[in-house]
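# Fold and contact review
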Amino acid sequence: MSKKILITGSNGLLGQKIVHALLHLNAGKQPIGKCVWPKVSGIKIIAASKGENRMVEKLGYEYEQLDICDKQQVETVLQKHTPDVVINTAAMTNVDACETQKEECWRTNVIAVQNLVDALKSKGQSQAPNFEPLFIHLSTDFIFDGEAGPYKEDDTPNPLSYYALSKYESEKIIQNSKIKWTILRTIIVYGIADNMSRSNIVLWAKEALTKGQKINVVDDQFRAPTLSEDLAQGCILAALKGATGIYNISGKDIMSILELVYCIADFWKLDKSGVTPIKSHTLNQAAKRPPRTGFILDKAIRDLGYTPFSFTEGLAILDKQLKK
Ligand SMILES: NC(=O)c1ccc[n+]([C@@H]2O[C@H](COP(=O)([O-])OP(=O)(O)OC[C@H]3O[C@@H](n4cnc5c(N)ncnc54)[C@H](OP(=O)(O)O)[C@@H]3O)[C@@H](O)[C@H]2O)c1
């Protein structure tokens, strides 16, 4: 089994983890992950992101500078590589920035997805009649209003923020298209990668607690934190198995953000006395957050063989990487 896989947003946390895991598989090694990895070799990896390649590892894959908001660029790159699978991890992911910079959010999270869908549609037609590229797109628990989590794949979305609305709209574009598609929904992703453009909750809380800073942490939002390697595992299993439809891919442990921060303190033996529990409404954040999400993972476990780590196991993996 050998495939051409193109990853957009390859400079991002998830994008980098997918590229690394595919490089491992190509080298006959096991990527980080509890699943049974399919045996593969000779996957052609095309990493694509806005700007220069920020991954330190530069061998074993091709890099394309690609702004997915630029329709012409998208068409040119997809025509050049004719990938079997496109995994779209690129997005505007800062939820509050999406609320205040709505145009940019819509361009990146909605119009760019239409660009990719259009390019794949025309590419599919220009190939042999049975050639159908698979489009794997990343979405979010935020499409739900958080009143009835944990959610199944077929529960009814009700986005509360502009980011959530944009991601839900991108889902609808894909579902109404004629291309072969997979939507993988996920929840607060954590991990470490090269030259990251943004932090995440685990890195933020660990740093603040290490420095002894006083932090306010909400106790009324519940999530299933997702190790970036587990999310990459879900993307790769879907790509290699040619799975279609919607899948929930998150961590398996659902907890409040306060509990999450306490777990981080316990794991690294850090003082929790600077943590003040607060309620969401006191934060005055630009974007509204759903109170209780979390996912039921049965479908991904059954169909894909997805096998996530526990939150504590995830922290142990991150700890090793931080020590390198
Ligand atoms: N992170 C989470 O907690 C979370 C939760 C739920 C769902 N998701 C979804 O999961 C996916 C991956 O998230 P992530 O954590 O890997 O995000 P990330 O680290 O912010 O990575 C996104 C990447 O997309 C790139 N990008 C932005 N606009 C682009 C454009 N126009 N063309 C090409 N690349 C562009 C960014 O480039 P720069 O680095 O140069 O800005 C960034 O490297 C996203 O679709 C996100 O919506 C994430």
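Here is a short report on the structure shown in this document. (Residues numbered from 1 in each chain as written. Predicted model: local features only at pLDDT ≥ 70, side-chain atom pairs only at ≥ 80, totals over all residues. Heavy atoms only, no water.)

The next point concerns the overall build of the protein chain. The secondary structure content of the protein chain amounts to 10 helices and 13 strands. By the compact-globule yardstick of 20 Å for 324 residues, the protein chain fits well, its C-alpha radius of gyration being 19 Å. Dimensions along the principal axes, computed over C-alpha positions, put the protein chain at roughly 65 × 40 × 40 Å. Sequence separation of at least 24 residues holds for 79% of the intrachain contacts in the protein chain that already meet a minimum separation of 6. Only carbon and sulfur atoms are counted for the fraction: they give 50% of the accessible area of the protein chain, which is about 14200 Å². Computing the positive centroid from 40 side-chain charges and the negative centroid from 36, the protein chain places the two 4 Å apart. (Helix = DSSP H or I, 4+ residues; strand = E, 2+ residues; numbered from the N terminus. Rg over C-alpha atoms; globule rule 2.2 N^0.38 Å. Contact = heavy atoms within 4.5 Å. Areas by Shrake-Rupley, 256 points an atom, 1.4 Å probe, with all protein chains shown as cover. Lys, Arg positive; Asp, Glu negative; His and termini not counted. Charge placed at Lys NZ, Arg CZ, Asp CG, Glu CD.)

With that settled, the discussion passes to the site of the ligand. Surveying the vicinity of the ligand reveals 27 residues, the closest of which are R54, D67, T93, Y163 and S197. Contact between the ligand and L13: an oxygen atom at 3.0 Å from a main-chain N or O atom of the residue. The contact in question runs from an oxygen atom of the ligand to an N or O atom on the side chain of S197, over 2.9 Å. When isolated, the ligand has an accessible area of 900 Å², and the protein chains bury 89% of it. Those elements that provide at least two residues to the shell around the ligand are α1 (13-26), β5 (134-140) and α5 (162-175). Counting residues per element, the shell around the ligand draws most heavily on β5, at 3 residues. Looking at side-chain class alone, the shell around the ligand contains 11 nonpolar, 11 polar and 5 charged residues. (Near = heavy atom within 4 Å. Polar contact = N/O pair within 3.5 Å; in protein donor to acceptor, adjacent residues only side chain to side chain. Nonpolar A, V, L, I, M, F, W, Y, C, P; charged D, E, K, R; others polar.)

Another aspect to go through is the sheet that holds strand β2 (residues 44-49). Reading across from one edge, β3-β2-β1-β4-β5-β6-β11 is the order of the 7 strands in this open sheet, with parallel pairing throughout. The open sheet is flanked by β3 (62-65) and β11 (245-248), the only strands paired with a single partner. Mean inter-strand twist for the sheet, computed between neighbouring axes without regard to direction, equals 20°. Pairing analysis gives 7 bridges linking β5 to strand β6 (residues 180-186), with the strands arranged parallel. Counterpart to F135 in the pairing with β6 is W181. (Pairing = 2+ DSSP bridges. Axes fitted to C-alpha atoms, helices over the stretch in contact; angles between N-to-C directions.)

Mapped onto the elements, Q221 comes out in the loop between β8 (215-218) and β9 (222-223). On the accessibility criterion, Q221 (8% relative accessible area) is buried. One polar contact links Q221 to R223, side chain to side chain, over a distance of 3.1 Å. One polar contact links Q221 to S280, side chain to side chain, over a distance of 2.9 Å. If sequence neighbours within four positions are ignored, Q221 has contacts with M255, S256, I257, S280, R289, P290 and P291. (Buried < 20%, exposed > 50% of the residue type's maximum accessible area, 1.4 Å probe, protein only.)

Let us now look at the packing of aromatic side chains. Evaluated as defined, the whole model comprises 5 aromatic pairs. Aromatic pair W106 and Y162: ring centres 5.7 Å apart, planes at 45°, arrangement tilted. Placement of the pair is W106 in helix α4 (residues 102-126) and Y162 in helix α5, with a sequence separation of 56 residues. Using a relative accessible area of 24% as the deciding quantity, one classes W106 as partly exposed. Measuring from ring centre to ring centre gives 4.1 Å for F144 and Y151, while their planes differ by 5°; the resulting arrangement is stacked. Positioned above the aromatic ring of Y262 is the side chain of K272, whose terminal nitrogen or guanidinium carbon lies 5.2 Å from the ring centre. The cationic tip of K299 hangs over the ring face of Y247; the distance from NZ or CZ to the ring centre is 4.3 Å. (Phe/Tyr/Trp six-rings, centres within 6.5 Å; stacked < 30°, edge-to-face > 60°. Lys NZ or Arg CZ within 6 Å of the ring centre and 35° of its normal.)

With that settled, consider the packing of helix α6 (residues 201-210) against helix α10 (residues 311-323). Between α6 and α10, the least distance of the axes is 12 Å, while the angle of their chain directions is 70°. Taken together, the axis directions place α6 and α10 in an arrangement best described as roughly perpendicular. Along the contact surface, α6 presents V202, L203 and K206, while α10 presents F311, L315, L318 and L322. Along the lines of polarity and charge, the residues of the contact of α6 with α10 split into 6 nonpolar, no polar and 1 charged. (Parallel < 35°, antiparallel > 145°, perpendicular 65-115°, else oblique.)

One finds I5, I18, L22, I87 and L304 to be the most contacted residues of the largest nonpolar core, which totals 44 residues. Listed by contribution, the elements that provide at least two residues to this core are β1 (4-8), α1, β2, β4 (85-88), β5, α7 (228-241) and α9 (298-304). Counting residues per element, this core draws most heavily on α7, at 8 residues. Once residues within four sequence positions are removed from consideration, I5 is found in contact with L22, I43, K44, I45, I46, V85, I87, A239 and L240. Core analysis: the second largest hydrophobic core is formed by 25 residues, L209, M255, V261 and L318 among them. (Core = buried A, V, L, I, M, F, W, Y, C linked by side-chain atoms within 4.5 Å.)

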